Amino acid sequence: MTSASDTVRELRVNGETRRVAAEPDTPLLYVLRNDLGLKGTRFGCGVGTCGACTVQIDGRAVASCDTPLWAALDHDVLTIEGIGSVEQPHPLQRAFLDTQAAQCGYCINGIIMRCKALLEEDGAPDEGRMLEALDKHLCRCGTHVRILRAVRQAAGHT
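Procedures and definitions
Residues numbered from 1 in each chain as written. Predicted model: local features only at pLDDT ≥ 70, side-chain atom pairs only at ≥ 80, totals over all residues. Heavy atoms only, no water. Phe/Tyr/Trp six-rings, centres within 6.5 Å; stacked < 30°, edge-to-face > 60°. Lys NZ or Arg CZ within 6 Å of the ring centre and 35° of its normal. Pairing = 2+ DSSP bridges. Helix = DSSP H or I, 4+ residues; strand = E, 2+ residues; numbered from the N terminus. Axes fitted to C-alpha atoms, helices over the stretch in contact; angles between N-to-C directions. Contact = heavy atoms within 4.5 Å.

Observations regarding the packing of aromatic side chains
Geometry of an aromatic ring pair is reported as the spacing of the ring centres plus the angle between the planes.
And then number 1: Per the counting criterion, the structure on display carries zero aromatic pairs.
And then number 2: Over the ring of Tyr106 we find Arg42, and its NZ or CZ is 5.3 Å from the ring centre.

Here we look at the sheet that holds strand 4 (residues 60–63)
And then number 1: Strand order in the open sheet formed by five strands is 2-1-5-3-4, with mixed pairing between adjacent strands. Each of the sheet's edge strands pairs with one partner strand only, and the pair in question is strand 2 (16–21) and strand 4. Taken pair by pair, the neighbouring strands of this sheet meet at an average axis angle of 40 degrees, ignoring direction.
And then number 2: Relative to strand 3 (residues 54–57), helix 4 (residues 108–121) is tilted by about 35 degrees, and along the sheet it contacts strand 3, strand 4 and strand 5 (76–78).

A closer look at the pairing of strand 2
Across a regular strand the side chains alternate sides, sitting on one face of the sheet and then on the other.
And then number 1: Sheet analysis places strand 1 (residues 8–13) next to strand 2, joined by six bridges and oriented antiparallel. Bridging across to strand 2, Arg9 finds its partner in Val20.
And then number 2: With antiparallel pairing between neighbouring strands as the criterion, strand 1 and strand 2 make up a hairpin whose turn holds two residues, including Asn14 at a positive phi of roughly 55 degrees.

What follows is the structure, encoded as structure tokens:
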């Protein structure tokens, strides 16, 4: 007899259809990290308030720690691994490197994913929009000024 956890589901991640055997209520974060090996999405608080686990679903930034797998099925999931490479970083990744916006780097992947969604929605956000978008993200290193500088650079506001 097959249990619910043995049911294979298809999930589109970073442009690829991947097969996972997980309960539908499993947090998307756990599926990404544990089943698919995508370690760029980080566990922070587990309740969707710190932003370390932010990914995009159909272009919208979401906390993957409190998003169940079922909510991502039949949608396009994008993680930090899907936006650039070491050889060709995404413009946001390049801006974060150029401005040295990361210190420990733990929160930065989630912040980049949120900022990518912001820039796709508004290619030239003002400071208020940037602050609003980043409100749910915690950076304990205190690189907030550099993060804003990186977003402005990526948006063409240098």
